[in-house]
Amino acid sequence: MLSRVAENIYWMARYLERAEGGARMMATSSQMLFDLPRETPLSWGTMVDILGAGEKFAELEFEPTERDVTQFLLKETRFPNSLASVVRQARENARVCRDILPGELWEGINDLHYFVGETLPRVRSRSARYDFLQQVISRCQQVEGIVHGTLSRNTLYSFMMLGQALERADMTSRIVDVRSANLLPKDAADIYSSLGWMSVLQSLSAYEMYRHEVQVRIRGQAVVQFLLRGTRFPRSCHFCLSCVETSLTQLPRAEKPLRRLREIIDRLEREHLQADNLDSVHRFVDLFQQELGTLHEAITDSYFRFDRNDWVHASRAAATQQA
Amino acid sequence: MSQTAEFKNSQELFDELMQADGSPRPVAADLLGYLDAMPAKELKARVRTVDAAIRTMGITFTVYSDGENIDRAWPFDPVPRIIAKKEWDHISAGLKQRLKALNCFIHDCYHEQRIITDGIMPADILAQSKNFRPQCKGITPPFETWAHVCGTDLVRDGDGTVYVLEDNLRVPSGVSYMLENRHVMKRVFPELFQNQNILPVNDYPSQLLDTLVALAPEGVDQPSVAVLTPGIYNSAYFEHSYLARQMGADLVEGQDLFVGDDQCVYKKTVFGPQRVHVIYRRIDDEFMDPEVFREDSTLGVPGILRAWREGNVAIANAPGAGVADDKVVYAYVPAFIRYYLDEEPLLPNVPTYLCVDPEDRAYVLDNLDKLVVKPANESGGYGIMVGPKASVTMRRQFARLIRDNPRNYIAQPTLMLSTVPTLCKNTLQPRHVDLRPFVLQADELHVTTGGLCRVALRKGSLVVNSSQGGGSKDTWIIDEEDL
């Protein structure tokens, strides 16, 4: 597989997952904010911070109001991680490597692109927004279903899984962060605290699985454990990193990224997390995301970057072999 | 719905589906009967399905400087053009004959140039050719074939004669739309295909692959084939990607390839460098190798010409093949057929006046209001003047251009391109069409079954290029023996 194509596929998977994760995050936050008593001020700006987009948000002169934040996160084409932008990117990447994707997969992504383009301008009310986000999630899942049902388990699949799992780990950690960050006022009553964790679980489609596996009432400590370190739930950070590991072991020249990955898994397993101390969760998630960034760098170095000297050397070796 | 009213053929117009008296031609009777019987509402619904299918399948073409939305849905008309198999067999033989002669000519240009020494073509024409590449002199590609893929534009004039309008043998495009048009038609009008013997078109990708594989350097068991594209912003990117997918070949950009110290071409893969044996290139000569042609090209691969000269990689079409894709050279193709093949041309050329010839030039300058003037080396319908439709200023401008650079211009009589009924706002109206079949040559010759039929969607317009408001139609070859 061409390095350029591998990079494209990897990013396509990331963008798709980012679209789904972003939709999940926005749906959760909105639901959580609406559950709060009317007199509590809603802090919409936090969602922007969670996506690490504060600077761009300020630069484009948006205000932290419901209207501006949703406009920014959903529609803003000048913000590269808005839903509209990532869906367009995913489709662009798919278009560039259409020649190697199953036809249905391309059609699924193309459909998602048209759906978002046509529906977004009409999303004006809260309820329309909620429906829209649910639709985006379900269309993304449809695409994922096509991936699992039609792609051979080859290099293409490995790069796709690599991108998806990495992005999913990142998005799950951000959604946990929605709850742990100061979206809720510090003095919000207990009842809201547990409601908040419930919507986090629901947003990741994790509610039933949590109930089944953990069998205690919804408590912050247990939810954080489940979503960050759970080994069986497919959207937990730990599970996603295991998927990254599986994909990497199927690829050539994986030594460096694998080494980096094992360090991250190791820290995730050892770190002492206190969910009742929201600041500590927030700090951990922050660090975790930075580490995923270094893992991405290691992957890029191994597969996508091209150092001509290395390659000319390798081509000589290949030529000798063939001769 | 009834379509006959619009189709009282005047004497100068030839409709592909209707006879002069307004009745359907025998090969089109089934189709027109079917459309006649279809309620307008049903037809409308089908057209909507066509649009949806095109969008879902992502059949697009790219428009330059169209801002953000760089690819557009492909404009498609659901009424096909129909050609009887007997006529097609003749055309097909004529196309093969033509490409064979063109390849003899190209090979001759880069070797003895007998065509000049024997006095068939003046030396000036080659000397002043924009697409003659001295760097290719003395090279002998496999089968002495330079143009492996040729898109030949055919038009039918008012009297029913089919003419060759031009031979595109640099990087001709359109074949993927031909294939997708059929795909869409079968998806939306399946019953039409059940009851008639419409010849299939879908063997083109395998024929193209066979052609390319035949060119591989000797001794290579399983040649690796790559399609070289300028990238996603090229107007034919959809096609590059489509063909690569259909052939199971890698779609590469220049940056994906490099030439090793062993003068072989490699692609950069996640497994390390891997040899490439055959390149189906969809970028122009000039951009292929910054070491040899344009230094500023970032689309090409430095050293690729060296690898080609050494015979380590095959390139289709071969660099330099464009020397025959020149409207002045075009005028000599019938002479090439007689000279190289000792045969009479099966398909006529459109009468062509060469502005480089003083007598022809005088005639052209006197008759600019009747002629179509074309630059010798452009494609895509750019830089053309259609005399009868041009303004006085425009004609004056072209007169100046011709006097300044006569070698670069030719003129032809304005042909009344044949028409095919076309769906315009729910009624069928005649619109002008042309046809681009694709011809392949390596160890064997192949011609597509039919070709890409392009249609000028604007009333009265003779310009069919998709970059200029043209659309396309499916083309059916029907065996009339079965009727």
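Residues numbered from 1 in each chain as written. Chains lettered and ligands numbered in written order. Predicted model: local features only at pLDDT ≥ 70, side-chain atom pairs only at ≥ 80, totals over all residues. Heavy atoms only, no water.

(A) Fine view of the overall build of chain A. For chain A, the helix and strand inventory stands at 15 helices and zero strands. Residue burial in chain A is summarised as follows: out of 323 residues, 57% are buried. Within chain A, contacts between residues at least 6 apart in sequence are counted, and of these 65% link residues at least 24 apart. For chain A, the computed accessible surface area is about 14,500 Å², with 47% contributed by carbon and sulfur atoms. (Helix = DSSP H or I, 4+ residues; strand = E, 2+ residues; numbered from the N terminus. Buried < 20%, exposed > 50% of the residue type's maximum accessible area, 1.4 Å probe, protein only. Contact = heavy atoms within 4.5 Å. Areas by Shrake-Rupley, 256 points an atom, 1.4 Å probe, with all protein chains shown as cover.)

(B) Quick look at the side chain of T422 of chain B. All names here are of chain B. For T422, the position within the fold is in strand β17 (residues 419-424). Since its relative accessible area comes to 0%, T422 is described here as buried. Contact partners of T422, with chain neighbours within four places excluded, come to D77, T427, L428, Q429, R431, V455, L457 and K473.

(C) View of the environment of R431 of chain B. Residue and element names in this part refer to chain B. When you line up the elements, R431 lands in strand β18 (residues 427-436). Taking C-alpha positions, R431 is 37 Å from P358, a pair spaced 73 residues apart along the chain. With near-sequence residues (within four places) excluded, R431 lies in contact with S418, T419, V420, T422, C424, V455, A456, L457, R458 and K459.

(D) Focus on the confidence of the model for chain A. Mean pLDDT over chain A: 87, with 88% of residues reaching 70 or higher. The spread of mean pLDDT over the elements of chain A runs between helix α15 (residues 308-322) of chain A, the lowest at 58, and helix α12 (residues 237-249) of chain A, the highest at 97. (pLDDT = per-residue confidence, 0-100.)

(E) Here's a closer look at the sheet that holds strand β14 (residues 371-375) of chain B. All names here are of chain B. With respect to topology, four strands assemble into an open sheet ordered β13-β16-β14-β15, the strand pairing being antiparallel. Strands at the two margins of the open sheet, each flanked by one partner only, are β13 (353-354) and β15 (385-386). As defined by bridge partners, β13 adjoins strand β16 (residues 409-413) across two bridges and the pair is classed as antiparallel. Bridged to Y353 within β16 is A411. (Pairing = 2+ DSSP bridges.)

(F) Inspection of the confidence of the model for chain B at higher detail. Residues and elements named next belong to chain B. Taken as a whole, chain B shows an average pLDDT of 89; of its residues, 93% reach a score of 70 or greater. pLDDT under 50 marks residues 1-11. Its contacts with residues more than four places away, or in other chains, come to 30 contacts. Scored below 50 in pLDDT, residues 65-69 makes two contacts in the model with residues more than four places away or belonging to other chains. Prediction confidence for the complex, expressed as pTM and ipTM, is 0.80 and 0.73 respectively.

(G) Fine view of the state of the cysteines. All names here are of chain A. Applying the stated rule across the entire model yields zero disulfides over all chains. Left without a disulfide partner, C97 is nearest to the cysteine sulfur of C140, which lies 17 Å away. You can see C140 has no disulfide; the closest cysteine sulfur is in C240, sitting 15 Å from it. Look at C140 and you get buried, because its relative accessible area is 5%. (Disulfide = S-S within 2.5 Å.)

(H) Quick peek at unusual backbone geometry. Between A316 of chain B and N317 of chain B the backbone carries a cis peptide bond, its omega angle lying at -15°. Take N317 of chain B: it is sitting in the loop between β12 (314-316) and α12 (327-330).

(I) Geometry of the side chain of D256 of chain B. If you trace the backbone, D256 of chain B turns up in the loop between β7 (250-252) and β8 (257-259). Discounting chain neighbours no more than four positions away, the residues touching D256 of chain B are L2 and R4 of chain A together with L251, Y266, K267 and K268 of chain B.

(J) Highlighting the packing of helix α14 (residues 358-366) of chain B against helix α15 (residues 392-404) of chain B. All names here are of chain B. With their axes 10 Å apart at the nearest point, α14 and α15 run at an angle of 170° to one another. As far as their axial angle goes, α15 and α14 are roughly antiparallel. On the side of α14, the interface is formed by R361, V364 and L365, while α15 contributes A399, I402 and R403. Its residues placed into classes, the contact of α14 with α15 shows four nonpolar, no polar and two charged. (Axes fitted to C-alpha atoms, helices over the stretch in contact; angles between N-to-C directions. Parallel < 35°, antiparallel > 145°, perpendicular 65-115°, else oblique. Nonpolar A, V, L, I, M, F, W, Y, C, P; charged D, E, K, R; others polar.)

(K) View of the nonpolar core. Counting 244 residues, the largest nonpolar core has F132, F159 and L227 of chain A together with F105 and F336 of chain B as the members making the most contacts within it. The dominant element in this core, judged by the number of residues it contributes, is helix α1 (residues 3-35) of chain A, at 15 residues. Beyond its immediate sequence surroundings of up to four residues, F336 of chain B is in contact with A101, F105, I115, M121, V329 and L341 of chain B. (Core = buried A, V, L, I, M, F, W, Y, C linked by side-chain atoms within 4.5 Å.)

(L) Inspection of the pattern of salt bridges at higher detail. Residues and elements named next belong to chain A. Scanning the entire structure with this criterion turns up 45 salt bridges over all chains. As a salt-bridge pair, E66 and R129 come within 3.0 Å of each other at their nearest N and O atoms. With E66 in helix α4 (residues 66-75) and R129 in helix α7 (residues 126-150), this residue pair connects regions lying 63 residues apart in the sequence. Residue E213 is joined to R232 by a salt bridge in which the shortest nitrogen-to-oxygen separation is 3.7 Å. Taken together, the positions of E213 in helix α10 (residues 207-214) and R232 in the loop between α11 (220-229) and α12 put the pair 19 residues apart, joining distant regions of the chain. For R232, a relative accessible area of 60% corresponds to the exposed category. By sharing partners, the salt bridges in this structure join E17, E20, R24, E144, R168 and R235 into a single network. (Salt bridge = Lys/Arg side-chain N within 4 Å of Asp/Glu carboxyl O.)

(M) Molecular detail of the sheet that holds β8 of chain B. All names here are of chain B. Strands sit in the order β8-β9-β10 across an open sheet of three strands; the sheet is antiparallel. One side of each edge strand has no neighbouring strand; the edge strands of this open sheet are β8 and β10 (272-275). Strand-to-strand twist across the sheet, computed as the mean angle between neighbouring axes with direction ignored, equals 40°. Here strand β9 (residues 265-269) pairs with β10 via four bridges, running antiparallel. Residue pairing for β10: K267 is matched across the bridge by Q274.

(N) The pairing of β16 of chain B, seen in detail. Residue and element names in this part refer to chain B. Within β16, four of the five residues are buried, which leaves the element mostly enclosed by the surrounding structure. One ladder, built from five bridges, connects β14 with β16; its direction is antiparallel. Paired with V373 across the bridge in β16 is A411.

(O) Representation of the packing of helix α6 (residues 103-119) of chain A against α7 of chain A within the structure. Residues and elements named next belong to chain A. Axis separation between α6 and α7 bottoms out at 9 Å; the angle between their running directions is 170°. Judged on the interaxial angle alone, α7 and α6 are roughly antiparallel. From α6, E104, L105, G108, I109, D111, L112, F115, V116 and T119 reach across to α7, where they touch F132, Q135, V136, R139, C140, V143, I146, V147 and T150. Partitioned by chemical class, the residues of the contact of α6 with α7 number 11 nonpolar, four polar and three charged.

(P) Molecular detail of the packing of aromatic side chains. A complete count under the given rule lists 27 aromatic pairs over all chains for this structure. Note on Y339 of chain B and Y340 of chain B: the rings are 4.9 Å apart at their centroids and 75° apart in plane angle, and the pair reads as edge-to-face. The exposure class of Y339 of chain B is partly exposed, given its relative accessible area of 22%. Positioned over the ring face of F115 of chain A is R139 of chain A, at 4.2 Å from the centre of the ring. (Phe/Tyr/Trp six-rings, centres within 6.5 Å; stacked < 30°, edge-to-face > 60°. Lys NZ or Arg CZ within 6 Å of the ring centre and 35° of its normal.)

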